[in-house]
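Report on the structure
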Amino acid sequence: MGKGQRATQVYKSTEFIEHARDSDGLINGPADPFKLAPSNSSSLLVDSEKALKASKLSSASASVEPAPTTAAAATSNSPSPQAERPSELESVPSFILVTTYLSFLMLIVFAHLRDFFGKLLHPEEYVQLREQNGYAPMVSDFESLWTRRLYGRIRDCFNRPITGVAGGHVNLLERVSHDANATFEFTGRVRNVLNLASYNYLGFAQSEGPCADKVEQAMRENGVTQASTRAEAGTTRLLAETEDMVARFVGTEASLIVSMGYATNALNIPALVSRGCLIISDELNHNSLVSGARLSGATIRVFKHNNMQSLEEQLRRSISQGQPRTHRPWKKILVVVEGLYSMEGEFCDLPAIVRLRRRYGFYLFVDEAHSIGALGKRGRGVCDHFNIDPHDVDVLMGTFTKSFGAAGGYIAGSKALINYLRLHSHSAVYAEAMSVPVLAQVSASMRMIMGEDREHALEGQQRLDQLAVNARYFARRLAEMGFMTLGDSGSPVVPLLLFSPAKIPAFSRECLKRKIAVVVVSYPATPIITGRVRFCISASHTREDLDYALEHISEIGDLLMIKFHQGKTIETTETKKLE
Amino acid sequence: MDPPLDTLAPLTPSPSAGDPAAERGFFHTAWDFSFRMGIRYIKNSYKDDPFRTFLEVCLIGFIIWYITKQKYNIGTNEITLSEKEVDELVDDWKPEPLVPDLTEFERETLEKAIMIEGPNGTKVRLASATNSKPLLNFASYNFLGFLDNPDIEKHAHETLRKYGVGSCGPPGFYGTLDVHMELEKQVAAFIGHSTAILYSQAFAATLSVIPCFSKRGDIIVADEGVNLPIQQAIMLSRSKVYWYKHNDMADLERILKDVNKQLHGRGAKNVLPRKFIITRNTGDITPLKDLVELKHRYKFRIILDEAYSFGVLGKRGAGLTDHSNVDPHEVDLLIGSLCNSIGASGGFCCADKDLIEHQRLSGLGYCYSASMPGILTVAAADAIQALEASPDTYLPNMHENTALMRSLLKRIPGLQVDGDPESPLIHIRLTPETLVRMKRSGGAWTKTDIDRVLAELVEEAQKDGVLLTPAKYVDEHERLLPNSSIRICVSSAHTRKEIEKCAHAVKSAVSRITSKKR
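What counts, and at which threshold
- Residues numbered from 1 in each chain as written.
- Chains lettered and ligands numbered in written order.
- Predicted model: local features only at pLDDT ≥ 70, side-chain atom pairs only at ≥ 80, totals over all residues.
- Heavy atoms only, no water.
- Phe/Tyr/Trp six-rings, centres within 6.5 Å; stacked < 30°, edge-to-face > 60°.
- Helix = DSSP H or I, 4+ residues; strand = E, 2+ residues; numbered from the N terminus.
- Buried < 20%, exposed > 50% of the residue type's maximum accessible area, 1.4 Å probe, protein only.
- Contact = heavy atoms within 4.5 Å.
- Buried area = accessible area lost by both parts, 1.4 Å probe.
- Salt bridge = Lys/Arg side-chain N within 4 Å of Asp/Glu carboxyl O.
- Nonpolar A, V, L, I, M, F, W, Y, C, P; charged D, E, K, R; others polar.
- Axes fitted to C-alpha atoms, helices over the stretch in contact; angles between N-to-C directions.
- Parallel < 35°, antiparallel > 145°, perpendicular 65-115°, else oblique.
- Left-handed = near helix turned anticlockwise from the far one by under 90°.
- Polar contact = N/O pair within 3.5 Å; in protein donor to acceptor, adjacent residues only side chain to side chain.
- pLDDT = per-residue confidence, 0-100.
- Expected span 1.5 Å × (residues − 1).
- Core = buried A, V, L, I, M, F, W, Y, C linked by side-chain atoms within 4.5 Å.
- Pairing = 2+ DSSP bridges.
- 1 Å grid on protein atoms, 1.4 Å probe; cavity = no way out; pocket = protein on both sides within 12 Å on 5 of 7 lines; lining within 4 Å.
- Points joined across faces, edges and corners; volume = space filled by probe spheres on them.
- Right-handed = clockwise from strand over helix to strand, strands pointing away.

**A look at the packing of aromatic side chains**
Residues and elements named next belong to chain B. Under the defined criterion, the tally for this structure stands at 22 aromatic pairs over all chains. Ring geometry for Phe 190 against Phe 310: centres 5.9 Å apart, planes inclined by 80°, an arrangement best described as edge-to-face. In this pair, Phe 190 is assigned in helix H7 (residues 178-191) and Phe 310 in the loop between strand S8 (301-306) and helix H12 (320-323), connecting sequence segments 120 residues apart. Comparing Phe 190 with Phe 310, the two get one shared label, buried. Relative to Tyr 366, the ring of Tyr 199 has its centre 6.1 Å away and its plane inclined at 75°; by these criteria the two rings are edge-to-face.

This is the structure we're talking about:
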């Protein structure tokens, strides 16, 4: 293909993206933005990055009027080092801190009081907590206090059942409780609400469209499941091909697919390290990593969240002191971090960690559960975002639950690593192999992101752009409204701090009233003080969806008085502009 | 002693001016009285006892010395090093490679790994096969033949159009589908237990349920033959564990008695640890009745893993409780899988309502991972429904096939057939005598040697059109590694002829392998 021809195609593709976008780069119009993609565009050869650059350039020049916003977006475009970002928590008014602690204190005091009088007056309701005819209680009194007395009050905000696809909108099964959340009754009604809760970053949770068609075809050809493990008779050609594709996508030599996300960490880390090895883990690492580390039998040490100084200190001390008591050198040291911390919306400081890896020679395990597919210009995760060679990370782990709309996870790395894991990882030898529809969904969505799907060559890149724009827009607008948000710019997870325990269920319920589904989290998933609501932005959200949500969230913010930064907004925009 | 301490009275704090005089007077007197008593007491006690005064002065001195003395860390023996020394140590440290190199046999295993082209079922095509003749599959846990069921696959297409593929969230955060709740009810009703909870992988179900209830300080008495998921779960729970000999009830009773005696000796009635008996079912069938009796006698709870027996054992196919006519409620935590005989994916746990609700917050695999895809949930529901509606179409066939297969295999010279006669999961091994005969030099067999022979046997059988697999384990992590074996999974979907073909293939493979001296 000649040069000129190629240029026109680039032009065509950008023109397409352009005319559908407004000044913020958001796609306007119909509810499903992907329907816009030309279904028969054969521009497989388009240099997608070039196209993207061109689109960005023109969008920047086209929208001169809302100067402050674009400037802010532009500065936040470049991956910024974490260290310069001041901690949000430092600016929390002490009044809020005190009242939050006080409300928790009151909750706990009341919980104990209710337990005390309850046991006195209705002993039959507490039978489960007492020793019964020689059997110890299954759940101890103290352990379950939190569940019974605190979680019980807000149970309606969790485990909300849905039906259908958890896409940009989701169908909730309406339920009511007549006995203070002890039991729920379904009313039989279904409510369609805006979904800011599911990890559907690229909008691949769909029951229609090219991916679903591929899945159906795959099931026709390959059945549904394997009823065997990967090591025995569960390896199919589809599985092997998808593993190759994942490796190609991530940029490593090989990969191993596991049928569950939690198990990917919990069952593979024990194959990598053992007694005499050291795991240095970020303090906010996901529970599956903690389980895996504990199962491995290795010594576990923790460094402060995303604090490179703390990591380096830990490394220097560990290497120089060797194993406890014997002072023998460690066999291996595995540093375990996450690419995108799902509760914080923060990226790990990968460039700094890779620098440390060169100096100290540890092995690096990066959990990209949330970042793969969602971060980076090409969606290749945190390595792509920071422009780091994937070979600088020894073990790249990720899940398909989030961006790919599937389930399960993968481990990617060198050929030697994966070959070893195929024979020695618990997930490969004891757990069921990945089922056919899930594999097909992974391969179809991944091909689309890579632009290898001839019929939908642009759609993947379009979804990536859309997600990036949506996420920045949403986070920026929240900050402008005076909310206290966490996280790095560009993160599809936007946590908003609520603090007080009473505001946590209130926010969730108010949102539901206004037809928005959100996730609220509190202790023990977060530090006790920073209860928060977590928005997961998706490429399937349109501009109207986001504006609708923002408008209502703003209302709720006024109602619950959680716009802690109100009045400071102009200042922050100003400083950003100056930068 | 005697002089009144009136002089001290003004020093006592007086309440604020606004108070009524009477009240002030009362406080004043009370304070005054107690102060005087205190002084008198101290004076009295030191009056004729210089030794006591000396001792107490020494004690105070010791406390001051102890507090001000330099702190030390208990338990660490860290060496203080200079920055330069640390740098040198860092430069010197060379880690082991992340993973060890594969052995020659492992490389061969990888190269020869089975890769299936197209659907899995009783007949499969291998991707490597030069001729397109399908192989008979005796390697997948397709006991009831649900992999070959076209209705389930057809229904899966419909489910796809309603639920998509992934659920995009953990059950707690909008990941609970209506079909999940229905399947939970269905499983509980089928087994006859109160409630159930779904996990998206069978391994993770075991790994979550046990640590959810058994914590540090609790006691687990487990069968030595439990599989790796249970071993890992026990490790994760950090409970104290005792192992009893595989399926040996006398040994179990001895341990239970011992445990109770120790606990009694400790006199710790109010911190009674939770006690569990863990067992599971594979080729051998656990004597559940005896187990329940022991449970009641020694006040333990039972955790039963039905990874392979669910859907297979019993008149209805509802598992071990059905098979041994035990009320399922006697099993406190019943863990099962939907990925083997049911032919879907995931696992479940059946228990009383409180225990299930506890898992919804504390079951790690439930809280921290996405829920099961809707397609697989519906596939599992369809399979269970089919089994429940007409157990006679699946189970008798499977039992007949099992009996036939076992009788045919037993006739093969040099072969040892293990497991309960009713179990469709058959482990075959070469008898020790055969192995001795095969070794030319009469030397000892290593595990790798045996594995290699079994791998050859599997390959030979493949030439005859039968797909088998050696039972795979992660050798270095198993507590008691079972002897190497080939696993044969009999399905109800196999015909009599196919069973005979398989047995014949095994027979000729064994004779070919054993005639070769090495």
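This is not the end of the story, as more comes after the structure.
**Notes on the interface of chain B and chain A**
Contacts between the two partners involve 111 residues from chain B, matched on the other side by 120 residues from chain A. Surface buried jointly by chain B and chain A totals about 10,200 Å² across both partners, of which 59% is contributed by carbon and sulfur atoms. It is Trp 93, Leu 98 and Tyr 174 of chain B in chain B that bury the most area against chain A; as a group they hold 10% of the surface buried on that side. At the junction of chain B and chain A, the tally comes to ten salt bridges. When the shortest N-O distance is used, the salt bridge between Glu 357 of chain B and Arg 155 of chain A registers 3.8 Å. For the side of chain B that touches chain A, the element with the most residues is helix H5 (residues 150-163) of chain B, which contributes seven residues. The residue inventory of the side of chain B that touches chain A, partitioned by class, reads 61 nonpolar, 25 polar and 25 charged.

**Quick look at the packing of helix H16 (residues 391-410) of chain B against helix H19 (residues 496-515) of chain B**
To characterise two packed helices, one gives the angle between the axes of the helices and the distance between these axes. Residue and element names in this part refer to chain B. It is the contact of H16 with H19, at a shortest axis distance of 10 Å, that shows an interaxial angle of 25°. Between H16 and H19, the interaxial angle falls into the category roughly parallel. As for the relative orientation of H16 and H19, their crossing is right-handed in sense. Facing H16, whose interface residues are Asn 401, Leu 404, Met 405, Leu 408 and Leu 409, H19 presents Arg 496, Ile 499, Glu 500, Cys 502, Ala 503 and Val 506. Per-class residue counts for the contact of H16 with H19 are eight nonpolar, one polar and two charged.

**Quick notes on the pattern of salt bridges**
Residues and elements named next belong to chain B. Inspection of every chain in the model, using the stated rule, returns 49 salt bridges over all chains. One salt bridge in this structure joins Asp 32 and Arg 36, with 3.2 Å as the shortest N-O distance. In this pair, Asp 32 and Arg 36 both sit in helix H1 (residues 21-47), four residues apart, roughly one turn of the helix. You can call Asp 32 buried: its relative accessible area is 14%.

**Some words on the side chain of Asn 195 of chain A**
Residue and element names in this part refer to chain A. By the secondary structure assignment, Asn 195 is in strand S3 (residues 185-195). In terms of polar contacts, Asn 195 uses its side chain to reach the backbone carbonyl oxygen of Gly 167, at 3.0 Å. A polar contact of 3.0 Å, which involves the side chain of Asn 195, links it to the side chain of Ser 198. Not counting the four nearest positions on each side in its chain, Asn 195 is found in contact with Ala 166, Gly 167, Gly 168, His 169, Val 170, Ala 517, Cys 536 and His 541.

**Some thoughts on the confidence of the model for chain A**
Parts of the model with low pLDDT should not have their predicted coordinates read in detail. All names here are of chain A. Confidence in the prediction of chain A, expressed as mean pLDDT, is 81, and 82% of residues score 70 or more. Note on residues 1-86: pLDDT under 50 across the span, and 113 contacts to partners over four residues away in sequence or across chains. Counted against residues more than four places away or in other chains, residues 569-579, with its pLDDT under 50, gives eight contacts.

**Description of H16 of chain B**
Residue and element names in this part refer to chain B. Compared with an ideal rise of 1.5 Å per residue, which puts 20 residues at 28 Å, H16 spans 28 Å between its outermost C-alpha atoms and is within 8% of the ideal. Buried residues of H16: Pro 391, Tyr 394, Leu 395, Met 398, Asn 401, Thr 402, Leu 404, Met 405, Arg 406, Leu 408 and Leu 409, and no others. The elements touched by buried residues of H16 are helix H15 (374-389), strand S11 (415-418), strand S12 (425-430), strand S15 (486-489) and H19.

**Section: helix H10 (residues 287-296) of chain A**
Residues and elements named next belong to chain A. Taken across its ten residues, H10 has eight buried, putting it largely inside the fold. When we look at burial in H10, the residues that qualify are Asn 287, Ser 288, Leu 289, Ser 291, Gly 292, Ala 293, Leu 295 and Ser 296. Immediately beyond the C-terminal end of H10, within one or two residues, lies Gly 297, with a positive phi of roughly 85°.

**Side note on the nonpolar core**
Residues Phe 474, Phe 507 and Phe 535 of chain A are the most contacted members of the largest nonpolar core, which totals 193 residues. Among all residues touching Phe 507 of chain A, those that are not within four sequence positions of it are Leu 498, Val 518, Val 533, Phe 535, Ile 553, Ile 556, Leu 560 and Ile 562 of chain A. Among the nonpolar cores identified, the runner-up in size contains 70 residues, and Tyr 262, Ile 269 and Leu 421 of chain A together with Val 99 of chain B belong to it.

**Re the pairing of strand S12 (residues 409-413) of chain A**
Residue and element names in this part refer to chain A. Counted residue by residue, S12 has five buried out of five residues, so it is predominantly covered. Burial along S12 is two-sided: Gly 409, Ile 411 and Gly 413 facing one way and Tyr 410 and Ala 412 facing the other are all buried. Two elements, strand S4 (residues 254-258) and S12, share five bridges in a ladder whose sense is antiparallel. In the sheet register, Ala 254 faces S12, and the bridge partner there is Gly 413. Looking at chain direction, strand S11 (residues 395-399) and S12 are connected through five bridges and run antiparallel. If you follow Thr 399 over to S12, its bridge partner there is Gly 409.

**Here we look at the side chain of His 180 of chain B**
Residues and elements named next belong to chain B. Position of His 180 among the secondary structure elements: in helix H7. A relative accessible area of 4% places His 180 in the buried class. A polar atom in the side chain of His 180 sits 3.0 Å from the backbone nitrogen of Leu 177. Look past the residues within four positions of His 180 in its chain and what remains in contact with it is Gly 175, Leu 198, Ser 371, Met 372 and Thr 377.

**Quick notes on empty space enclosed by the protein**
In total, this model carries seven cavities of 30 Å³ or more according to the counting rule given. Each pocket or cavity is described by its volume, and for the largest cavity that value is around 130 Å³. Lining of the largest cavity is provided by 18 residues; of these, Ser 259, Ala 407 and Gly 408 of chain A together with Ser 200 and Pro 373 of chain B occupy positions nearest its centre. Partitioned by chemical class, the residues of the lining of the largest cavity number nine nonpolar, nine polar and no charged. There is about 110 Å³ of room inside the second largest cavity.

**Observations regarding the packing of helix H8 (residues 202-213) of chain B against helix H9 (residues 228-237) of chain B**
All names here are of chain B. As a packed pair, H8 and H9 sit with axes 8 Å apart at the nearest point and diverge in direction by 35°. Like other packed secondary-structure pairs, H8 and H9 cross with a definite hand, here right-handed. On H9, the residues that touch Phe 203, Thr 206, Leu 207, Ile 210 and Pro 211 of H8 are Leu 228, Pro 229, Ile 230, Gln 232, Ala 233, Leu 236 and Ser 237. Here the residues of the contact of H8 with H9 are counted per class, giving nine nonpolar, three polar and no charged.

**Considering the sheet that holds strand S3 (residues 135-137) of chain B**
All names here are of chain B. Spatially, four strands are ordered S1-S2-S3-S13 in an open sheet, and the strand pairing comes out mixed. Two strands close off the open sheet at either side, each with one partner strand: strand S1 (116-117) and strand S13 (466-467). In this structure, S1 lies alongside strand S2 (residues 123-126), joined through two bridges in antiparallel fashion. Bridge assignment links Glu 117 to a residue of S2, and that residue is Arg 125.

**Some thoughts on unusual backbone geometry**
Residues and elements named next belong to chain B. In this structure, Tyr 174 takes a positive phi of about 65° despite not being glycine. Tracing the sequence through the fold places Tyr 174 in helix H6 (residues 171-175). Residue classification places Tyr 174 among the buried positions, given a relative accessible area of 1%. Unusually for a residue other than glycine, Asn 247 sits at a positive phi of about 60°. Note that Asn 247 resides in the loop between strand S6 (240-244) and helix H10 (249-266).

**Thoughts on the sheet that holds strand S13 (residues 493-499) of chain A**
Strand pairing in a sheet is mediated by backbone hydrogen bonds. Such pairs are either parallel or antiparallel. Residue and element names in this part refer to chain A. Strands sit in the order S13-S16-S15 across an open sheet of three strands; the sheet is antiparallel. Only two strands of the sheet have a single neighbouring strand rather than two, namely S13 and strand S15 (519-521). The sheet shows a mean angle of 25° between the axes of neighbouring strands, direction not considered. When S13 meets strand S16 (residues 531-536), the two strands line up antiparallel, connected through six bridges. For Val 494, the partnering residue across the bridge sits in S16 and is Phe 535.

**Remarks on the pairing of strand S5 (residues 278-282) of chain A**
Residue and element names in this part refer to chain A. For S5, a buried count of five out of five residues is recorded, marking the element as mostly surrounded by other parts of the structure. Across the two faces of S5 the burial is the same, with Leu 278, Ile 280 and Asp 282 and Ile 279 and Ser 281 all buried. Relative to strand S6 (residues 299-303), S5 runs parallel, the two being bridged by five bridges. Within S6, the position partnered with Leu 278 by the bridge is Thr 299. Remark: the S5/H10/S6 crossover connection has right-handed handedness.

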